[in-house]
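Observations on the model geometry
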Amino acid sequence: MNYNLIIQSNSVATQLLKQLAKLSGASEIQAITQQAFRLPGANPARQAEVERLCEQSGLDYAFVPDARKMSDFGLVVMDMDSTLITIECIDEIADMIGVKPEVAHITEAAMRGEIDFAESLTRRVALLKGLDESALQRVYDERLQLSPGAEKMLAALQSHGIKTLLVSGGFTFFTERLKLRLGLDAAIANTLEIVDGKLTGRVLGAILDAEGKATQLRRLRDQLGLAAHQVVAMGDGANDLKMMAAAGVSIAYHAKPVVRAQATHALNFVGLDGAIALLRS
């Protein structure tokens, strides 16, 4: 199999591209966009050396099969918090009631894989008890922002007929709004219990955890009649690892080290639109 080395950054020096071409054994340098470059004929056996230079220089890299094209894929499954959007919604909700540091501490530990996700979510949601439900709308209106390049990536996927699933350990209040806003095909998350306009500090039903995310990926994959190699999964935390393992291609987006280490590709510096160059080589 032949490979292209894909190099991406907001600014890539020509000299660095020449170094990488020589280091990887690539035959030439081709510009994809002003931020993305293709180096055909690269040797994946040189990955360690390429990785060191790219990390030192703030570049994203990926060895991509040269025959890969976007039409090879039929489904992209995305995490929400800190992947499709820039924030952790539960941390921002907690800020409305003055408990953000406590909640954020648990969030970080869960994302690193140090605490079971279901336990961590139960503990965090309990801290929100008594908060007025209007705080959720405030977070959506005032704090929720799409990650850079999100809309460009989604437009490219949708133009190729690729289905999109937003699957989150967060909350349906946000995923349903994003589904409508962005034209996503499906969105699945946890539901906060609200009684008399106040959060009760509980989640309704079973918690959607790492295994639940993977199950939802497989369910929609099978509904669409796709094979595993036709599915892409994107995430940033330990709770995404099982669904990423169930996909043919996984992309770690500005992710924790444990996630980067297990993903097919990682985007550490560019926006979500960096996925486009990874999926069509």
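Let me begin by describing the structure that accompanies this report. (Residues numbered from 1 in each chain as written. Predicted model: local features only at pLDDT ≥ 70, side-chain atom pairs only at ≥ 80, totals over all residues. Heavy atoms only, no water.)

1. Remarks on the overall build of the protein chain
Quick note on the threshold: Every helix listed is a DSSP run of H or I at least four residues long, and every strand listed is a run of E at least two residues long, numbered separately from the N terminus. A simple rule labels every residue: compare its accessible area, found with a 1.4 Å probe on the protein chains alone, to the largest value its type can have, and call it buried under 20%, exposed over 50%, or partly exposed in between. Accessibility throughout is a Shrake-Rupley quantity obtained with a 1.4 Å probe, and a residue counts as covered only by protein chains that appear here. A residue counts as positive if it is Lys or Arg and as negative if it is Asp or Glu; His and the chain ends are not included. Every charge is mapped onto a representative atom, which is NZ of Lys, CZ of Arg, CG of Asp or CD of Glu.
When you go through the protein chain residue by residue, the secondary structure sums to 12 helices and 11 strands. Across its three principal directions, the C-alpha atoms of the protein chain cover 65 × 40 × 30 Å. By the burial criterion, 55% of the 281 residues in the protein chain qualify as buried. Taken as a whole, the protein chain presents about 12200 Å² of accessible surface, with 48% of it coming from carbon and sulfur. Side-chain charges of the protein chain comprise 29 positive and 33 negative groups, with the mean position of each set lying 4 Å from the other.

2. Regarding the sheet that holds strand S4 (residues 60-65)
The criterion, for reference: One requirement defines pairing of two strands: DSSP has to find at least two bridges between them. Working rule for contacts: check all heavy atoms of both residues, and any pair within 4.5 Å makes them a contact. Axis geometry follows a simple rule: fit a line to the C-alpha atoms, using only the stretch in contact for helices, then measure angles between N-to-C directions, giving values from 0 to 180 degrees.
Pairing within the open sheet is antiparallel, and its 4 strands lie in the order S2-S3-S1-S4. The strands lining the two open edges of the sheet, one partner per strand, are strand S2 (30-31) and S4. Of the strands in this sheet, strand S1 (3-8) and strand S3 (36-42) are in contact with helix H1 (residues 14-24), which crosses S3 at around 20°. Seen against the sheet, helix H2 (residues 47-57) touches S1 and S4 and runs at an angle of roughly 150° to S4.

3. Quick look at the packing of aromatic side chains
In plain terms, the rule: Between rings of Phe, Tyr and Trp, where Trp is taken as its six-membered ring, a pair exists when centres lie within 6.5 Å; planes separated by under 30 degrees are stacked, by over 60 edge-to-face, and by other angles tilted. By definition, being over a ring means that NZ of Lys or CZ of Arg is both within 6 Å of the ring centre and within 35 degrees of the ring normal.
What the rule picks out here adds up to 2 aromatic pairs. Arranged with centres 6.2 Å apart and planes meeting at 75°, the rings of tyrosine 61 and phenylalanine 63 form a pair that is edge-to-face. Taking 5.1 Å as the distance between ring centres and 70° as the angle between the ring planes, the aromatic pair formed by phenylalanine 173 and phenylalanine 174 counts as edge-to-face. Take phenylalanine 173 and phenylalanine 174: they sit in the same class, and that class is buried. Positioned over the ring face of phenylalanine 173 is arginine 177, at 3.6 Å from the centre of the ring.

4. So, the sheet that holds strand S8 (residues 198-204)
Pairing between the strands of a sheet comes from backbone hydrogen bonds, and it takes one of two forms, parallel or antiparallel. Pairing within the open sheet is mixed, and its 7 strands lie in the order S8-S7-S6-S5-S9-S10-S11. Strand pairing shows two members of the sheet lacking a second neighbour, S8 and strand S11 (265-267), which therefore form its edges. For this sheet, the mean inter-axis angle between neighbouring strands, taken without regard to orientation, is 25°. Helix H5 (residues 117-126) rests against strand S6 (163-171), strand S7 (186-195) and S8 of the sheet, and its axis sits at about 170° to S8.

5. Overview of the environment of threonine 200
Where we set the bar: We call two N or O atoms a polar contact when they sit within 3.5 Å, provided that within protein one can donate a hydrogen and the other can accept it, with sequence-adjacent residues counted only if both atoms are side-chain atoms.
If you trace the backbone, threonine 200 turns up in strand S8. C-alpha separation for the pair threonine 200 and alanine 126, spaced 74 residues apart in sequence, amounts to 7.7 Å. Those residues in contact with threonine 200 that sit more than four places away from it in its chain are Lys129, Glu193 and Val195. Polar contacts involving the side chain of threonine 200 include one to the side chain of glutamate 193, which spans 2.6 Å. Only 3.3 Å separates the side chain of threonine 200 from the backbone nitrogen of arginine 202, close enough to count as a polar contact.

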